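Single-letter residue listing:
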Amino acid sequence: MSAAIATHDLHIDHGTTQDLDHLFALWQDQRDPGTREALVKRFMPLTRSLARRYDRSSEPFDDLLQVASVGLLKALDRFDPKRGHSFPSFAVPTILGEMRRYFRDCGWSVHVPRGDQERALKVRDAQETLTNEHGHAPTVSQLSQYLELETEQVIDALQATQAYESLSLDAPRPGGEDDTITFGDGMGSEDERYELVELDATIVAAIRHIPARERAMLHMRFVEDLTQTEIAARLKISQMQVSRLLRRSLDQLRALTRDASEV
Amino acid sequence: MADSPPNVRLNLANTPENVVVVREMLSGVGEAIELDHSDLNDVRTAVTEACNNVVLHAYEGDLGPLEVALYLADRSLGVLVRDHGVGLPAEPESLETDTGGIGLHVIQTLTQTVEFAAGKERGTDVRMWFDAPQSGAFAPLREDGDRAHTLALLGTPTTTICIAPISLARTILPRLMITLAAHAHFSTDRISDAQLLADALVEHAQAAISGEELSIDVTVEPRDLELHISPLSVGRAQQLIEQSELGELGGVIGQLTDRHEVLSTGAHETLTLGLSDQR
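1. Considerations on the overall build of chain A
Next, step 1: Along chain A, the regular secondary structure elements total 13 helices and zero strands.
Next, step 2: Each helix and strand of chain A, ordered N terminal to C terminal, gives the series α-α-α-α-α-α-α-α-α-α-α-α-α.
Next, step 3: Going through the 263 residues of chain A one by one, you find that 32% of them count as buried.
Next, step 4: Taking the intrachain contacts of chain A between residues at least 6 apart in sequence as the baseline, contacts between residues at least 24 apart amount to 62%.

Here you go:
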């Protein structure tokens, strides 16, 4: 949780000011590796704490810490105590600068980070495991405990479901059902039930544009009042996929009725 | 920033979970204005620092209001984080020794400009501006009123969400509903329903709400979320529910919620929607 990150700040040991002044004077004067080592050790908690601030990103923490440490070394090399600033006020921008450059160089801004995608898949699989165990869909805190992730990471993974069309949460899981199950296979001749009669003409027209499987899902959720987990079990797909398809088809349906009523 | 009303306002209790609510709001805004991923990360990191300070220090361990306002301007984005707590130390630099003080430096590094100021009566305002090349100015909330603020002060676990224009809510409200449903210990089933409900509200609010802003108070209890949507003109509350009807599927809003109630207070109505997880 976010606050936990900040509380670590409280325990940073900056040593006594005198000690530090002495170390910096020595470092400034002689530039010997021993003194640098001592200073690095002193400011490692600061560096670690800054790296932790980006820990929710998809980069592994060790990589982040390494980049932050390069920033710390740069800050030590460039810091001039005679200018009257404290070292942290000089080092924080330098270290953050190093990390931000790293993110940009990674092309992190361009594509959906791979780590996030993998996390979304892990959450999907954990959902299934825990649903089987408990007999109902898990909560976010159960998922975060099970996967040893921050609750925010799980929330982001659930939110991300919609974004990863190409990653395909619809892809078959290892050892799971293959993806050849279609509406027809899963439902047999039951699709007759989803024929729509005596409805507002606009909506009938709109609903006909929705693929059969999604139409069936909508019917199960909103007419039969099944839970998403029950729908997932019936169609042999994941709840995450049900969630995404329901959202998309409702969206399409609204867009279609909106267009029709505007004509 | 002080004079013009914001585009988004969140009034929350200063709990650690609510910092996640703020971060999700920022992600939603980022998506709406197509903010670069690493710029968004900077905004989220700086604002998190300011919020964490309110969580940890502003009320000296007690609960109190955390208010976040977001301003979209041409090519820039502003965030105000406000508390009504103990206020800044006389020398902000002394934060450095008090708390490790990294937060202050982080904020200074990641913002274009930042201003720390004492609140009107007590507390602290942190005003941060960020470059947001993709951002354009949006019509803001009508007034920077204190209506919502008083609710947060009641000490109930109420979160107030105000968004203008309503179109901006499209990327924000679903995220906030997922987050609040997660905090209410909903199963992923119902979390997804909460997201679908948010979609429906955003879609139909435009027609049902007079004016160009969406204002919702959400009460979070274990396995229960209660949404109060107001102020609506007379007759609009029922209309909002009915508009979500999709033929044979029925009213999507009615189907996704467990209860609804229209409360009329003279010239205005409040629509209350209850969503629970009865697994």
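2. Some details on the overall build of chain B
Next, step 1: For chain B, the count of helices and strands is nine helices and 10 strands.
Next, step 2: Every one of the 279 residues in chain B was classed for burial, and the buried ones make up 56%.
Next, step 3: Considering only contacts in chain B between residues 6 or more positions apart, those separated by 24 or more positions represent 71%.

3. Details of helix H12 (residues 228-235) of chain A
An α-helical segment advances 3.6 residues per turn. Residues three or four places apart therefore align on the same side.
Next, step 1: Regarding H12 of chain A, the residues found buried are Gln228, Thr229, Ile231, Ala232 and Leu235 of chain A. For H12 of chain A, the angular spread of the buried residues around the axis is 160°, confining them to a single face.

4. Some remarks on the interface of chain B and chain A
Interfaces are often described in size by the accessible area the parts lose on coming together.
Next, step 1: Chain B puts 48 residues into the contact, and the matching count from chain A is 56 residues.
Next, step 2: Looking at the side of chain B that touches chain A, its residues break down into 16 nonpolar, 21 polar and 11 charged.

5. Focus on helix H2 (residues 37-58) of chain B
Residue and element names in this part refer to chain B.
Next, step 1: Its 22 residues place the ends of H2 30 Å apart at the C-alpha level, agreeing with the 32 Å of an ideal helix rising 1.5 Å per residue.
Next, step 2: With respect to burial, H2 is a largely interior element, 18 of its 22 residues being buried.
Next, step 3: Just downstream of H2 lies Glu60, where phi reads positive at about 50°.

6. A closer look at the sheet that holds strand E8 (residues 224-233) of chain B
All names here are of chain B.
Next, step 1: Taken together, 10 strands build an open sheet; the order of strands is E4-E5-E3-E2-E1-E6-E7-E8-E10-E9 and the sheet is antiparallel. The outermost strands of the open sheet, each flanked by one partner alone, are strand E4 (113-118) and strand E9 (259-265). Across the sheet, the mean angle from the axis of one strand to that of its neighbour is 15°, orientation sign disregarded.
Next, step 2: In this structure, strand E2 (residues 65-73) lies alongside strand E3 (residues 76-83), joined through eight bridges in antiparallel fashion. Of the residues in E3, the one forming a bridge with Leu70 is Val79.
Next, step 3: The sheet contacts of helix H6 (residues 169-183) involve strand E1 (8-13), strand E6 (158-163), strand E7 (214-221) and E8, and relative to E6 the element is tilted by about 170°.

7. Remarks on the environment of Glu212 of chain B
Residues and elements named next belong to chain B.
Next, step 1: With respect to the helices and strands, Glu212 occurs in the loop between helix H7 (188-208) and E7.
Next, step 2: In the structure, Glu212 is positioned 21 residues away from Ser233 in sequence and 13 Å away in space, judged by C-alpha atoms.
Next, step 3: When sequence neighbours within four positions are dropped, the list of residues in contact with Glu212 reads Ala139, Ala164, Pro165 and Ile166.

8. Overview of the environment of Thr219 of chain B
Residue and element names in this part refer to chain B.
Next, step 1: Counting through the fold element by element, Thr219 comes out in strand E7.
Next, step 2: Using a count of 18 C-beta atoms within 10 Å as the deciding quantity, one classes Thr219 as partly exposed.
Next, step 3: Separated by 55 residues in the primary sequence, Thr219 and Gly274 place their C-alpha atoms 9.5 Å from one another.

9. Description of the packing of helix H1 (residues 16-32) of chain B against H2 of chain B
Residues and elements named next belong to chain B.
Next, step 1: Here H1 crosses H2 at 155°, and the two axes come no closer than 10 Å. Comparing the axis directions of H1 and H2 gives the class roughly antiparallel. In this structure, H1 crosses over H2, and the sense of that crossing is right-handed. Facing Pro16, Val19, Val22, Arg23, Leu26, Ser27 and Gly30 of H1, the residues of H2 in contact are Leu40, Val43, Arg44, Val47, Thr48, Cys51, Asn52 and Val55.
Next, step 2: Within the contact of H1 with H2, the residues separate by chemical class into nine nonpolar, four polar and two charged.

10. Side note on the pairing of E2 of chain B
Next, step 1: By the criterion of burial, E2 of chain B is predominantly enclosed, with eight of the nine residues buried.
Next, step 2: Where E2 of chain B folds back on E3 of chain B, the antiparallel hairpin that results is connected by two residues, among which Arg75 of chain B adopts a positive phi of roughly 60°.

11. Notes on unusual backbone geometry
Next, step 1: Omega for the bond connecting Ala164 of chain B with Pro165 of chain B falls within 30 degrees of zero, at -10°, which places this linkage in the cis form.
Next, step 2: On the secondary structure map, Pro165 of chain B appears in the loop between E6 and H6.
Next, step 3: Phi is positive for Arg31 of chain A, which is not a glycine, with a value near 50°.
Next, step 4: By the element assignment, Arg31 of chain A lies in the loop between helix H2 (17-30) and helix H3 (33-53).
Next, step 5: By the C-beta count within 10 Å, which is 11 here, Arg31 of chain A ends up exposed.
Next, step 6: A positive phi angle is found at Asp225 of chain A, which is not glycine, with a value near 60°.
Next, step 7: Mapped onto the fold, Asp225 of chain A is located in the loop between helix H11 (212-222) and H12.
Next, step 8: Asp225 of chain A sits in the exposed class, given 10 other C-beta atoms within 10 Å.

12. Considerations on the pairing of E4 of chain B
Across a regular strand the side chains alternate sides, sitting on one face of the sheet and then on the other.
Residue and element names in this part refer to chain B.
Next, step 1: Bridging between E4 and strand E5 (residues 124-131) involves six bridges; their strand directions are antiparallel. Along E5, the bridge assignment pairs Val114 with Met128.
Next, step 2: Two successive antiparallel strands, E4 and E5, enclose a turn made up of five residues, where Gly123 displays a positive phi of approximately 85°.

13. Considerations on the packing of helix H7 (residues 140-147) of chain A against helix H8 (residues 151-160) of chain A
Each pair of packed helices can be summarised by the angle the axes make with each other and by the distance between the axes.
All names here are of chain A.
Next, step 1: Where H7 meets H8, the axes come as close as 9 Å, and the angle between the chain directions of the two elements is 110°. As the angle between them shows, H7 and H8 are arranged roughly perpendicular. Handedness of the H7/H8 crossing: right-handed. The residues of H8 that touch H7, namely those facing Val140, Ser141, Leu143 and Ser144, are Thr151, Val154 and Ile155.

14. What to know about the nonpolar core
Next, step 1: The biggest cluster of nonpolar side chains holds 134 residues, and the ones touching the most others in it are Val47, Ile163, Ala181, Ala194 and Leu197 of chain B.
Next, step 2: The element contributing the most residues to this core is H7 of chain B, with 10 residues.

15. Things to note about the confidence of the model for chain B
Next, step 1: Of the residues in chain B, 89% have a pLDDT of 70 or more, and the chain-wide mean is 86.
Next, step 2: Two summary scores accompany this predicted model of the complex, namely pTM at 0.81 and ipTM at 0.86.

16. A few points about the confidence of the model for chain A
Residues and elements named next belong to chain A.
Next, step 1: When pLDDT is averaged along chain A, the result is 76; 70% of the residues meet or exceed 70.
Next, step 2: Within chain A, the element-level pLDDT minimum falls on helix H9 (residues 183-187), averaging 35, and the maximum on H7, averaging 96.
Next, step 3: Predicted confidence is poor over residues 1-14, with pLDDT under 50, and the contacts of this stretch with residues over four places away or in other chains come to 35 contacts.
Next, step 4: The low-confidence segment residues 165-199 (pLDDT under 50) makes 40 contacts with residues lying over four places distant or belonging to another chain.

About the criteria used
- Residues numbered from 1 in each chain as written.
- Chains lettered and ligands numbered in written order.
- Predicted model: local features only at pLDDT ≥ 70, side-chain atom pairs only at ≥ 80, totals over all residues.
- Helix = DSSP H or I, 4+ residues; strand = E, 2+ residues; numbered from the N terminus.
- Buried ≥ 20, exposed ≤ 12 C-beta atoms within 10 Å, placed from the backbone.
- Contact = placed C-beta atoms within 7 Å.
- Arc of directions from axis to C-beta.
- Nonpolar A, V, L, I, M, F, W, Y, C, P; charged D, E, K, R; others polar.
- Expected span 1.5 Å × (residues − 1).
- Pairing = 2+ DSSP bridges.
- Axes fitted to C-alpha atoms, helices over the stretch in contact; angles between N-to-C directions.
- Parallel < 35°, antiparallel > 145°, perpendicular 65-115°, else oblique.
- Left-handed = near helix turned anticlockwise from the far one by under 90°.
- Core = buried A, V, L, I, M, F, W, Y, C linked by C-beta atoms within 7 Å.
- pLDDT = per-residue confidence, 0-100.

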